[in-house]
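Observations on chain architecture
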Amino acid sequence: MASTRWAAVAVMVAAVAWTACERPSSHQARTGFAARPELLEFGASALGRTKAMKLRLANQGRASYRVEGARSSLPNVSIPPFEPFTLSAGAEQEIEVRFTPDVEGAVQGQLEVLTDATGEAVAKVPVTGRGVKALVEVPETALDFGNVNLGLVEMREVTVRNPSDVESPLMLSVQGADADQFSAGSGLPSSLAPHETRKLPVAFSPVRLGTSEAALHITVCEGCEPAVVTLTGTGVASMLEVTPLRVDFGRVAVGATAEERITVRNQGNEPLRYTGATLLEDPSGVFQVVSAPALANDVLLPGGVVELRVAFTPKASGKARTGRVEVAVRKPDTTSPGPKVSLVGEGGSSCVDVTPDRLDFGAVAFGMTATRDVTVHNRCREEASVTGLKLTTRSGGYFTLAQPPANQTVAPGGVLKVGLTFSPRAGVSGASGGQLAVTTSHDGANATEGVVLAGEGRAFKPCVYALPGSLDFGQVPVGSEVALGVTLRNTGSEACYLSALQLASGSDGAFRAEPVVNGVLEPGRKATLVVRFQPPEEGVFEGLAEGWVSHPTLGHPLVTLSGRGVRGCFSVQPTTVDFGVSRLTCGPRTREFMAYNDCPGPVTVTGLKLEQPGAEFAVSGALPALMPPGARVKLTAKYTPAQEGDDTATVRFTLADGAVYNAGLVGRGLSRTEQTDRFFQESEAKVDVLFIVDNSGSMMEEQQSLGSNFAAFLTAATAAQVDYRIGVTTTGLDPSPGGWSECPGGALGGENGRLFPVDGTSPRIITPQTPHAASVFATNTHVGVCHWNEQGLDAAWRALSDPLLYNLDDPRTPQPGDGNGGFLREDAKLAIIALSDEEDFSSQPVSFYETYFLALKGNDRSKVSFNAVVGPLDLNTCPTSSSSGSRYIELALKLGGVVDSICTPNWAASLEKLSESAFGANRSFPLSEKPLDAGAITVRVDGTLVTDGWSYEAPVNAVVFDRLRVPGPGALVEITYPLGCP
């Protein structure tokens, strides 16, 4: 039994066949039992909830056989009772298998199917699963947004529920090739209250033609596979075909130029307006539009085709930052953006990378060796070859190849590991140096890259170490896995050199371990080989762990491994309690595991013992004790790492009959790490500003103050030479005729998102070229005081959505030219400013509007701001305000805008602040992680340390610069901070 190999079992156990005794072939009829899947993998499953899988039983033979029943070796895996059935030749039938975890952690076992098939009467199928705590339920599995015009936004909703009695975190991410066109849940709290049900807004804003796919990942359990909601939508632009939508220039030599074509074809029945192509983005300065032919009258006729040419000239090796070209083709009388084509390319003479460029073996004891790998990565589209490996030792010891330097091919996207060994020269202390030259061939061209090699020969005194001579895994249920550790600790006062610690060749296949690579063990430090034992069947298994240390006579320590696979009614689950990675400064972590008595009679646990080489683990619970039939006893394990590296411990359960069952505790300690977030400050050369002005009966004075002080608002825009577009709409959606006052502008107060004035009696979009801009704005803000239902957020949403957003005329109304086409520009920042003395009574939650406005700008928070001049939360400071504008304030805080009181005594000062928010450079830089210590944050601008002029704001987890200390356009902002605990 000791010679059995798990690899063989893994191949054979899922399709176990029994054959009848031999008889003449003309009379023989054999049964052929098979089960699919070969391994029942339940994966992560919520505690207390049942996850079901189907096991398909098949007869691949010529004779019938009967299935009598099935049983599981695990207490939390069950098979619902079923009537025995017969499978004829070629027939199949499914049975259900259920997994209901009680505690966190991994479980392994076997499912046995009882048959009268020829040969053995029991077929075995391995079963695995992992219990995790339930957090969130998600009923939806897919959202289809349908066809959406480029530049518009379509909204959908996903439902999430917290089924538990405690608050649960809500973690969302959109992933996939087209994730940049979808967004979800912006502005929502990051947790769900007990039993809370919430609707998550999801937005689709296509920037490319064609079908887009992504996936919304919602974490449902700690460690679980997330709930995945498939997101699909199609970006459309009339009957226009643009190919390709992504131009990949591949690898181009530095300084050389490559050209590609973009074909634009009108497949519809109507002419399209075409005015060429524009390079929108080129952050690396390497792309250009070489030609964009002009067409007669700027018209692309039905069936017409135009061909554009773009070029790539890399300036340095490596991938260039993605560029984008906009093809200026659209329907007549609209301002919708044209389709975008992405440009990608890479500079360099070869698309085969060799890493690292420097390989340091560290200190190695005389007479011993160290091994490391160099990786050759083929990033080409075709197969590449490694045609030469040349080693040169320049000083000190010996560098050798771990394999012959023969030609080897590397598939596209594949890697090749080149093993190198360093052996210090006897008696020659100090640094050793060398170089590995790797020659690669691709598409007829050769390239050679060099790897600098370094090492050090050092004399170590005989290593004084502690290492157990044996490791006993005890009794482990068949199919379950226990992880224990072989720990070698330096107990002396001098450093030790550890060449390797690994599983010895010839060990039974039930054991497996990842080797510990060479290194220096300082006094008191340890190295741990984590050995995992998973018996495939009943019986005894043996193995051997071996190491090499710096010692003339005791340099090859050996540790014998033993364990027994059993089938019994007592078990511990999970058999391995894995704490994962823990930062040393984050304090202890706890996990639970459970002892089961599924025996017909009581079981006495006479001993519970924790064995470990250190003191990192602790275990508590109501054992030893007498466990009645069916009893479950929950135990708690605590892990507090003391130093970096792997830690292990053994929990031994001794029964009254002398049987010993083990559970393994494993974890890894890591020192506190730092995070650096990098930002590029962009110049806000273009800004679109939308004012939402309350047109209710109490707003006359505020409208006049706003208009008469407009020059103060343009202060920052004029100073920065901003290209602005400014429009005004009202909080009224429906007309309000017949009231005590009638509103001007042609819509009777029901602008419904249309820019004021709807009748065009004054310019509806103010630009730097608008004559007498301040006077025009004063006219446009006198929107009247006829309305009573303030719905400012809905008004902003409708102003910036279909059909108003890009159409010059609203097709739903009789007024001509009342659309908002020409206001919003794709490459401009969007600033929304709401002014109201009432609460907002719009139809959607605030998170809906945040998600929508962000989606308009590709979810780039630096491109969107919402500002609120409204009734303050403390109405005692603003007696003329009817109510607090709490919804406006909430959105302003989420989108980093200015909040001011509608009762401001100085409208000029208030408008100056709004101007800085709308037109000024970005001041807020959100951090990607929570800092452990806000006082340890360091900020550099263009490499220079900045110690003042900024602050950390915990509520938004961002570094915010003072208004007079904002980094200038193009500046690189680097923020470094220690990571906090999860």
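Just above, that's the structure.
Since we're looking at a predicted model, the values are computed, not measured.

**Considerations on the overall build of the protein chain**
Along the backbone of the protein chain there are nine helices and 67 strands. Of all 982 residues assigned to the protein chain, the portion counted as buried reaches 50%. Of all intrachain contacts in the protein chain linking residues separated by at least 6 positions in sequence, the fraction that spans at least 24 positions is 73%. For the protein chain, the computed accessible surface area is about 42100 Å², with 50% contributed by carbon and sulfur atoms. Averaging the coordinates of the 80 positive side-chain charges in the protein chain and doing the same for the 105 negative ones gives two points 6 Å apart.

**Points about the packing of helix H6 (residues 792-799) against helix H7 (residues 846-856)**
At a closest axis distance of 11 Å, the pairing of H6 and H7 adopts a crossing angle of 25 degrees. Regarding the angle of H6 to H7, the classification is roughly parallel. When you trace H6 past H7, the crossing you get is left-handed. Here Leu793, Asp794, Ala796 and Trp797 of H6 come into contact with H7, specifically with Phe848, Tyr849, Tyr852 and Phe853. Class assignment for the residues of the contact of H6 with H7 results in seven nonpolar, no polar and one charged.

**Re the state of the cysteines**
Disulfide: a covalent bond connecting the sulfur atoms of a pair of cysteines. Taken as a whole and assessed by the stated rule, the structure comprises four disulfides. Each disulfide pairs two cysteine sulfurs, and for Cys569 the partner residue is Cys599, the sulfurs being separated by 1.8 Å. Note on the Cys569 and Cys599 pair: the S-S dihedral is about 95 degrees, so by sign convention the disulfide is right-handed. Highlighted residues: Cys569 in the loop between strand S46 (558-566) and strand S47 (570-573) and Cys599 in the loop between strand S49 (589-597) and strand S50 (603-611), separated in sequence by 30 residues. Classification of Cys599 by relative accessible area gives buried; the value is 11%. Between the sulfur atoms of Cys743 and its disulfide mate Cys786 the distance is 2.0 Å. With the S-S dihedral at roughly -110 degrees, the linkage between Cys743 and Cys786 falls on the left-handed side. You can see Cys743 sitting in the loop between strand S58 (723-730) and helix H5 (773-781) and its partner Cys786 sitting in the loop between H5 and H6, a full 43 residues away along the chain. For the pair formed by Cys743 and Cys786, the shared burial category is buried.

**Some remarks on the sheet that holds strand S60 (residues 864-870)**
In spatial order, the strands read S58-S57-S59-S60-S61; together these five strands make up an open sheet with parallel pairing. Each end of this open sheet is capped by a strand with a single partner; those strands are S58 and strand S61 (899-901). In this sheet, neighbouring strand axes are inclined to one another by 15 degrees on average, regardless of whether the strands run parallel or antiparallel. Sheet topology places strand S57 (residues 686-693) next to strand S59 (residues 829-836); seven bridges connect them, and they run parallel. Bridging from a neighbouring strand, Val693 pairs with Leu835 of S59. Packed on one face of the sheet, H5 meets S57 and S58 and runs near 20 degrees to S58. This element, H6, spans S57, S58, S59 and S60 of the sheet and lies at about 140 degrees to S57.

**Some points on the packing of H7 against helix H8 (residues 886-894)**
Running from N to C, H7 and H8 cross one another at 40 degrees; their axes reach a closest spacing of 10 Å. Taken together, the axes of H7 and H8 lie oblique to each other. The crossing of H7 and H8 is right-handed. Only Arg887, Glu890, Leu891 and Lys894 of H8 make contact with H7, whose side of the interface consists of Val846, Tyr849, Glu850 and Phe853. Residue composition of the contact of H7 with H8, grouped by class: four nonpolar, no polar and four charged.

**Concerning the nonpolar core**
By size, the foremost hydrophobic cluster in this structure holds 64 residues, and its most contacted members are Val138, Val158, Ile218, Leu800, Phe853, Leu856 and Phe866. For this core, the element with the highest residue contribution is H7, accounting for eight residues. The residues touching Phe853, leaving out its near neighbours within four places in the chain, are Ala796, Trp797, Leu800, Ile832, Val864 and Leu891. Listed in part, the 33 residues of the second largest apolar core include Val693, Ala717, Val783 and Leu911.

**Quick look at the side chain of Thr731**
Mapped onto the fold, Thr731 is located in the loop between S58 and H5. What makes Thr731 buried here is its relative accessible area of 1%. Side chain to side chain, Thr731 and Asn695 meet in a polar contact 3.4 Å long. Residues in contact with Thr731, not counting those within four places in the same chain, are Ile692, Val693, Asp694, Asn695, Asn789, Glu790, Gln791, Gly792, Ala795 and Tyr888.

Reading the values: the criteria
Residues numbered from 1 in each chain as written. Predicted model: local features only at pLDDT ≥ 70, side-chain atom pairs only at ≥ 80, totals over all residues. Heavy atoms only, no water. Helix = DSSP H or I, 4+ residues; strand = E, 2+ residues; numbered from the N terminus. Buried < 20%, exposed > 50% of the residue type's maximum accessible area, 1.4 Å probe, protein only. Contact = heavy atoms within 4.5 Å. Areas by Shrake-Rupley, 256 points an atom, 1.4 Å probe, with all protein chains shown as cover. Lys, Arg positive; Asp, Glu negative; His and termini not counted. Charge placed at Lys NZ, Arg CZ, Asp CG, Glu CD. Axes fitted to C-alpha atoms, helices over the stretch in contact; angles between N-to-C directions. Parallel < 35°, antiparallel > 145°, perpendicular 65-115°, else oblique. Left-handed = near helix turned anticlockwise from the far one by under 90°. Nonpolar A, V, L, I, M, F, W, Y, C, P; charged D, E, K, R; others polar. Disulfide = S-S within 2.5 Å. Pairing = 2+ DSSP bridges. Core = buried A, V, L, I, M, F, W, Y, C linked by side-chain atoms within 4.5 Å. Polar contact = N/O pair within 3.5 Å; in protein donor to acceptor, adjacent residues only side chain to side chain.

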